[in-house]
Structure formats: C-alpha cells, structure tokens
Amino acid sequence: MNIAIGALIAVIAAFLVGGIPWGLLLVRVFAKQDIRTIGSGKTGATNVLRVLGWQGFAAAIVLDLLKGIAAVFIARGLTGNPWVEAVAGVAAIAGHTWSPYLGFKGGGRGMVTAIGVGFTMAPLLLLLIPVFLIPVLITRYMSLGNLIAASVAPFVMLYAAAQGWTEWAYFFYVAAGGAFVIFNHADNIQRIRAGTERKIGEKSPTTAVQPIP
C-alpha cells in the first residue's frame, strides 16, 4: 500500500476509534443515565467513577487504553512508519475529545487514551506511573496527576530520543499529546487554583442526573 494512502487511512481510523464514547455507553447500559448530565459532563473514566464506582471506572480505563493501543497498531500495520503512528496517536486523542459519534463534542479529556498510545510506542513511559500516582494519592485530584505526568513526559522522551533509546517521532507524539491533554484540562487548572476542583469520590453538589428513557 502507498504510504500516503496508508497514513490517511490510519489517521482517520485512529480518530474514529478514539471517538468511541465508552464512558457514555457504560453508564447508559448499567445505570440508565446520560453521563453528560453528571459531574463534569465528560465521558471519561473519572466521571464514570462518580456513577458506576470503581468497577465502572476500571472498565472505562481499560476500554479507553485499548483505543490508544489500537490507534498505534493500525498505523504500524498499515505503514510501519513511526511518524504515522505519532500522528495517529494525536488523532485518537482528538477523537476522544471531539467524538464524531457525539456531534464532535462531549468527549473526555484524553489522558487515558493518550497513555494507551504512549505506552504502546515507548514502554519506558511506564517509569512515569509514580509521577502520576503520587500527586493523586496526596491530593485526591485526578486532574493534577494528569497535568504533572503530561508536563514531565516530554522531557523524559526528549532525553530518551537524544540518547537513541526511542524514536524522535515518539517524542513528537508525547510533546503534542501532552500539550493537547493540558489544553483539555484548562477548566481543571482554574478550579485547582480556586480550590474548587472535585476530589476523587467527591460528588458535585450541582449534579443533575437524567435517566435514559
């Protein structure tokens, strides 16, 4: 297959796979509610936790990770080009954020899908798990762990690429994907600064739960 055609197919497929709103589907099936009317209104795993508890949260994490993993393997299978993998990875995050199945809106913040992409490309990123977990365990702010990990990951990958341990294309992905994730957390940053960010397990006092007919 021509690499340009393969790249185009891979990027479109990654966007469509990334856009699958697993959080919305899980909550709709198991709680008969619309997750977009609950908590943050996002379809990501953190919001699923507010409705379905830790089992639903774990399911959403796994499914969103698989979206990122699938995006990399689709690009790798069609082209074998790490730069196409990198662009497809960003496309998967974009699909998660602006889901084509939800009118190009209403998705999640993209962190879990971004992690699925990143770990598949460069397993050395597993070293950053404590960078994410420690702030979350201390503050109970999931968003803070996301922000710190997304900020640190590009520097780790820059060093790894400079040492020849990984592809420069993967550094590009982590830098672009990290910036994307941080951009998607703009409202969380404001709430953290104001001291109003919801902690893990904390319900929103303004939550409006709408049952699905």
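Definitions and cut-offs
Residues numbered from 1 in each chain as written. Predicted model: local features only at pLDDT ≥ 70, side-chain atom pairs only at ≥ 80, totals over all residues. Heavy atoms only, no water. Helix = DSSP H or I, 4+ residues; strand = E, 2+ residues; numbered from the N terminus. Buried < 20%, exposed > 50% of the residue type's maximum accessible area, 1.4 Å probe, protein only. Expected span 1.5 Å × (residues − 1). Polar contact = N/O pair within 3.5 Å; in protein donor to acceptor, adjacent residues only side chain to side chain. Core = buried A, V, L, I, M, F, W, Y, C linked by side-chain atoms within 4.5 Å. Contact = heavy atoms within 4.5 Å. Phe/Tyr/Trp six-rings, centres within 6.5 Å; stacked < 30°, edge-to-face > 60°. Lys NZ or Arg CZ within 6 Å of the ring centre and 35° of its normal. 1 Å grid on protein atoms, 1.4 Å probe; cavity = no way out; pocket = protein on both sides within 12 Å on 5 of 7 lines; lining within 4 Å. Points joined across faces, edges and corners; volume = space filled by probe spheres on them. Nonpolar A, V, L, I, M, F, W, Y, C, P; charged D, E, K, R; others polar.

J.: Looking at this model, I keep getting lost on unusual backbone geometry. Mind explaining?
T.: The backbone phi angle of K32 is positive, close to 55°, even though this residue is not glycine. Positionally, K32 belongs in the loop between α2 (22-31) and α3 (45-79). You can call K32 partly exposed: its relative accessible area is 48%. For R140, which is not a glycine, the phi torsion comes out positive at approximately 65°. With respect to the helices and strands, the residue R140 is situated in the loop between α6 (129-139) and α7 (142-162). Taking the relative accessible area as the measure of exposure, R140 reaches 40% and is therefore partly exposed.

J.: Honestly, helix α4 (residues 82-97) in this entry has me stumped. Any pointers?
T.: Structural remark: α-helix, 3.6 residues per turn; residues separated by three or four positions point the same way. For α4, with 16 residues, the first-to-last C-alpha span of 23 Å sits near the 22 Å given by 1.5 Å per residue. When you tally the buried positions in α4, you get 14 out of 16 residues, the bulk of the element. Residue N81 occupies the N-cap position of α4, its side-chain oxygen lying 2.7 Å from the main-chain nitrogen of W83.

J.: Would you mind going over the nonpolar core with me for this structure?
T.: One broad trend across soluble globular proteins is that nonpolar side chains are buried collectively. Counting 36 residues, the largest nonpolar core has M121, L125, M157, Y173 and V174 as the members making the most contacts within it. Residue assignment for this core shows that the elements contributing at least two residues are α2, α3, α4, α5 (111-121), α6, α7 and α8 (168-184). Setting aside chain neighbours within four positions, we find Y173 in contact with A86, G89, V90, I93, A114, V117, G118, M121 and G178. Of all hydrophobic cores here, the second largest spans 9 residues; its members include A10, A14, A75 and A92.

J.: Can you walk me through the packing of aromatic side chains in this structure?
T.: How two aromatic rings sit relative to each other is set out by the distance from centre to centre and by the angle between their planes. Applying the stated rule across the entire model yields 6 aromatic pairs. With a centroid separation of 6.3 Å and an interplanar angle of 20°, the aromatic rings of F15 and F104 are classed as stacked. Of this pair, F15 sits in helix α1 (residues 3-18) while F104 sits in the loop between α4 and α5; the two residues are 89 residues apart in sequence, bridging distant segments of the chain. Of the residues examined, F15 reaches a relative accessible area of 21% and is grouped as partly exposed. Its relative accessible area of 52% is what places F104 among the exposed residues. For the pair Y159 and W165, a centre-to-centre distance of 5.4 Å together with 80° between the ring planes defines the contact as edge-to-face. Given a relative accessible area of 48%, Y159 falls into the partly exposed group. Residue classification places W165 among the exposed positions, given a relative accessible area of 56%. Over the ring of F73 we find R76, and its NZ or CZ is 5.5 Å from the ring centre.

J.: Sorry, what's going on with empty space enclosed by the protein here?
T.: Think of a ball as big as a water molecule: rolled over the atoms, this probe shows where empty space is left. Considering all chains together, one arrives at 1 cavity of 30 Å³ or more under this definition. Together, G19, I20, P21, W22, G23, T43, D64, K67, H96, S99 and G107 line the largest cavity. If you list the elements that add at least two residues to the lining of the largest cavity, you get α2 and α3. Taken together, the residues that form the lining of the largest cavity break down as 3 nonpolar, 6 polar and 2 charged.

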